[in-house]
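One letter stands for each residue in the lines below.
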Amino acid sequence: MSHLFSVLGPVIYLAVANIGAGTALMRLFPAQARPREYASGIALLLGQGIYASVLLVAALTKQFTLPVLLALTLPFVLFALYETRCNPWSLVRKLGIAGQAFFGAPLHWKVLTVVTTSLLLSLMASISGIIEGDALAFYLTLPKIIASAHRLAPVPGYEPFMSVGLIAEMQLAALYLLGMPDASVKLYIWLTTLTGIAILGAICSNAGLGRRGRLLAVAIAASSSCIVILMEGKTDFFAAAYGLCAALFALRSWEEPIRRASLMLSGMFLGIALVAKLSYAIAFFPPMLMLLFYPRLVALCQHWREPHQMAPRVLQLVREGAWVALLMLPPFLVHFAKNLIMVGSLNGVQGSFQYFTSETTRHIVLNYPLVLTVGRYWGQLGNISVLLLAWLMLAFVLPARIWRAQPKIVVLLLAGLLGVACWVAMLPAVPIPRYFLATLLILAVPAAWLAERFARSSDVCDNVVVAAAVFCLYIVFNVWSPQVFPVHIASQYLFSGQDPAQSAKLLNINESLSRDGYETINQDAAPGARVFLASYFRFWLRPDLIQTSNNDPENATFKWEPSDPEKLWRQLHEHGFQYLYMDGSQRWKEMIKSPPSWVTVTELYPRGAFFGTSYGSAYKLDFRDAPGTVQWTTKEVAPGAWQVIRSDQRG
């Protein structure tokens, strides 16, 4: 039970703190501007955005400690608990209403409800599933370092990546600081994903969809492999959740009595979403402008022949735009300050997005939007559900009159298409749905609305819609079960009475075997020892060993040259490396076979295991009478914080 508490306790505590902070901030706005439905979910996501910036400031000032974290969160935990006490039966009433709707639905809709809900809940099992490569390299590694060093420190070898937004990573760092073990922080990614999908349901309600339409929109999200695969440790859905909140309040701003408050809330969430995923500036920001200012633009078009009416309306539009921009600003200020400190510029190093040849790029563009649903290109990492495209095609089947009196559905459709068009125009060689996921999920609303209308036309159509959704959900579960849905293993991980070290072995078998190689170094290495990682992945190393591992300049200069076999060994010695880890690629195996006489190589892993070196190799390096001197060493500059320094600077 102690292990179960160490996993669930921090998640519950931080989530309640976020709800409290978000609720407190929402109290600054008029009551009619605060949605009653999904209030806790909106507060959770708003609190995440607030705390991400506050905690980043604490990390930048080297004050990311447990007392500081508790001082920042405990008051809002108490506030959230007090708010819950004031209305203890609200959840019971909501569950009662949902139960009545469920039992009153036809059997096939009951089946779809159960299948969709079960799949979303089963995503919790990803806590024991595969950890995706980028998460092992950076997105889970960075929070682990921040929590250990109590400050913002770069991931060695990934220094240029420090320019990305750290909205999600700061929250994961807080969970590590609260004592969450290993990769269990993926549970928080699951919680955020569920909350974001609930907000998608709120958008559907605002746009006029019924219960079945909301369920179909959720089914689109749940059957999208680009969402399911994020449970392996990537943080892309945080930005999508904030973006969906921004879209929800943009639609609510169409109601004149609450327009200003809704614009401000939408601006806040939009700023958080853009910082969390800077690629949203291309494919999500333009659609948001359409959603935010559609009523004003319609009014301008209606009065363009009346000059005396145009001037005040243009002024009103500018004033509202200024409010949105002002509320977007705070997370950007903290983000830019972080970039100036960590990488020396506002935007950092910008990578190239020319992933493919011009011929392949042309083929990608010609195959939009199919490439987003069935594409298999490098880096794509999953697709949006085929249901999205299939149900949008119903627009060509259903009569045109169904669009009458549905302005929000029409604008959502146009906004989503605008976002996709902007993405294709700006980055045609990047068909990666997770980079503009919020835009694609906006399109899920008109797609679900079309499917709902189509299902109403006859019993056959109704059955076809439900069958298609159930089939797609089954395919996703069946394909990703070993990696993302290891329910039995996850239950053992959570409920076993083992200590955390033993429980951590209850992972996907491939993950467990890969972890073992790093663990042999963790058990043997002294604090602050240097490990050269001939691998992209760092997560399973101890935090002090990650901080002192090979950095970006060393990666660029350390090369194995058969013509000069001793050169790399001399570099390893001069830079103070005592351990070497190679992943399954074994790119330096020839070097290991024939070390110089002044180097003793001791194999720590796998030591003759049946799988050989396919899961990596770990070695201890001993240098005796080596040529040259050790020029670099390590120093603990503060409790838990390590730096690589020149040997002559160690005092």
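Thresholds, definitions, all that
Residue positions within a chain follow its written sequence, with the count starting from 1. Whole-chain, interface and lining totals are the exception, using all residues; otherwise, since this is a predicted model, local features are given only for residues with pLDDT of at least 70 and side-chain atom pairs are given and counted only at 80 or more. Neither water nor hydrogens contribute to the side-chain values; these are computed over all heavy atoms in the structure. Secondary structure elements are defined from DSSP: runs of H or I of at least 4 residues count as helices, runs of E of at least 2 residues count as strands, and each element is numbered from the N terminus. Our radius of gyration looks at C-alpha atoms and nothing else; its globule reference is 2.2 Å times the residue count to the power 0.38. Here the term buried applies to any residue with accessible area under 20% of the maximum for its type, exposed to any over 50%, and partly exposed to those in between, with areas from a 1.4 Å probe on protein chains only. Methods summary: accessible areas were calculated by the Shrake-Rupley approach with a probe of 1.4 Å, and residue burial reflects only the protein chains presented. Residues scored as positive are Lys and Arg, those scored as negative are Asp and Glu, and His as well as the terminal groups of each chain are ignored. Note that the charge is assigned to NZ on lysines, CZ on arginines, CG on aspartates and CD on glutamates. For this analysis, a polar contact is any N or O atom pair within 3.5 Å, provided that within protein one partner can donate a hydrogen and the other can accept it, and provided that sequence-adjacent residues contribute only side-chain to side-chain pairs. Only heavy atoms enter the contact rule, under which two residues are in contact if any of them lie within 4.5 Å. When a carboxyl oxygen of Asp or Glu lies within 4 Å of a side-chain nitrogen of Lys or Arg, that pair is called a salt bridge. At least two DSSP bridges between two strands are required for those strands to pair. The angle between two axes is taken between their N-to-C directions and runs from 0 to 180 degrees, where each axis is a line fitted to C-alpha atoms and a helix contributes only its stretch in contact. Here roughly perpendicular refers to angles of 65 to 115 degrees, roughly parallel to angles under 35, roughly antiparallel to angles over 145, and oblique to all remaining angles. The handedness criterion is simple: a crossing whose near helix is rotated anticlockwise from the far helix by less than a right angle is left-handed, and one whose near helix is rotated clockwise is right-handed. Residues are grouped as follows: nonpolar covers Ala, Val, Leu, Ile, Met, Phe, Trp, Tyr, Cys and Pro; charged covers Asp, Glu, Lys and Arg; every other residue, Gly included, is treated as polar. What goes into a patch is any residue over 30% in relative accessible area without a salt bridge, connected to like charges within 9 Å or, for nonpolar side chains (Val, Leu, Ile, Met, Phe, Trp, Tyr), within 5 Å. Cysteine sulfur atoms that pair up within 2.5 Å are treated as a disulfide. How far a helix is expected to stretch is found by multiplying one less than its residue total by 1.5 Å. These domain boundaries are the output of an automatic or database domain assignment. Buried area, as used here, totals the accessible surface that two parts lose on assembly, with accessibility defined by a 1.4 Å probe and the loss added over both.

Undergrad: It is not clear to me how the overall build of the chain should be interpreted in this structure. Could you clarify?
TA: Helix and strand counts for the chain come out as 29 helices and six strands. Here the chain has a C-alpha radius of gyration of 26 Å; the compact-globule value for 651 residues is 26 Å, and the two agree. Dimensions of the chain along its principal axes, counting C-alpha atoms only, are 85 × 60 × 55 Å. Buried residues in the chain amount to 55% of all 651 residues. Roughly 27,500 Å² of accessible area belongs to the chain as shown, and the carbon and sulfur atoms make up 63% of that amount. Across the chain, the centroid of the 49 positively charged side chains sits 12 Å from that of the 36 negatively charged ones.

Undergrad: Could you clarify how one ought to interpret the side chain of Q171 in this entry?
TA: Tracing the backbone through its elements, the reader meets Q171 in helix α8 (residues 167-177). At 3.2 Å, the side chain of Q171 and the side chain of Y188 are in polar contact. Not counting the four nearest positions on each side in its chain, Q171 is found in contact with L14, N18, Q48, A52, Y188, F238 and Y242.

Undergrad: Whenever I open this one, the pattern of salt bridges confuses me. Can you help?
TA: Proximity of charged atoms lets side chains of opposite charge pair with each other. All chains considered together, the criterion is met by 15 salt bridges. With a shortest N-O distance of 3.7 Å, R515 and E519 are connected by a salt bridge. Of this pair, R515 and E519 both sit in helix α25 (residues 509-524), four residues apart, roughly one helical turn. Classification of R515 as buried rests on a relative accessible area of 5%. E519 sits in the partly exposed class, given a relative accessible area of 22%. Here K593 ties to E590 by a salt bridge, and the two come within 3.6 Å at their closest N and O atoms. Residue K593 and its partner E590 are located together in helix α29 (residues 589-593), separated by three residues, close to a single helical turn.

Undergrad: What's the story with the pairing of strand β1 (residues 530-534) in this structure? I'm lost.
TA: Regular strands show a simple pattern: their side chains alternate between the two faces of the sheet. Among the five residues of β1, five are classified as buried, and the element is accordingly described as predominantly covered. Burial of the side chains of β1 extends over both faces: R530, F532 and A534 are buried on one face and V531 and L533 on the other. Taken together, the five bridges between β1 and strand β2 (residues 577-582) define a ladder with parallel strand orientation. Opposite V531, over in β2, you have Y579 as the bridge partner.

Undergrad: What am I meant to see in the packing of helix α9 (residues 186-207) against helix α12 (residues 236-252) here?
TA: Helices that pack against each other are described as a pair by the angle of their axes relative to one another and the distance between those axes. Two elements in contact, α9 and α12, have axes separated by 9 Å at closest approach and are oriented at 20°. As summarised for this structure, α9 and α12 are arranged roughly parallel, according to the angle between their axes. For the pair α9 and α12, the sense of crossing is left-handed. Judged by residue contacts, Y188, I189, T192, T193, G196, I197, I199, L200, A202, I203 and N206 of α9 engage F237, F238, A241, L244, C245, A247, L248, L251 and R252 from α12. Taken together, the residues of the contact of α9 with α12 sort by class into 15 nonpolar, four polar and one charged.

Undergrad: Please clarify how a nonpolar patch on the surface should be interpreted in this entry.
TA: A cluster of nonpolar side chains, namely F471, Y474, I475 and V479, defines an oily patch on the protein surface of about 410 Å² accessible area. Turning to its location among the elements, I475 is positioned in helix α22 (residues 459-484).

Undergrad: It is not clear to me how the state of the cysteines should be interpreted in this structure. Could you clarify?
TA: Covalent bonding between the sulfur atoms of two cysteines is what defines a disulfide. The final tally for this structure, using the stated rule, is zero disulfides. Just so you know, C461 is unpaired, no disulfide at all, and the nearest cysteine sulfur is the one on C472, 17 Å from it. With a relative accessible area of 15%, C461 lands in the buried category.

Undergrad: I keep staring at helix α21 (residues 437-456) and nothing clicks. Help me out?
TA: For an α-helix, 3.6 residues make a turn, and residues three or four places apart therefore share a direction. Over its 20 residues, α21 extends 29 Å from the first C-alpha to the last, a length consistent with the 28 Å expected when each residue adds 1.5 Å. Burial analysis of α21 places 18 of its 20 residues in the buried class, the great majority of the element.

Undergrad: Hey, could you run me through the domain arrangement of the chain in this one?
TA: You'll often see interface size given as the accessible area lost when the parts meet. The domains assigned to the chain are domain 1 (11-81 + 112-313 + 334-480) and domain 2 (509-649). Using only C-alpha atoms to locate each centre, domain 1 and domain 2 end up separated by 39 Å. Contacts between domain 1 and domain 2 engage 23 residues on the former and 22 residues on the latter. Interface area for domain 1 against domain 2, summed over the two sides, is near 1,800 Å², with a carbon-plus-sulfur share of 64%. A per-residue breakdown of the area domain 1 buries against domain 2 is headed by L136, K144 and P156, which together make up 31% of the total. Linking domain 1 with domain 2 are zero salt bridges.

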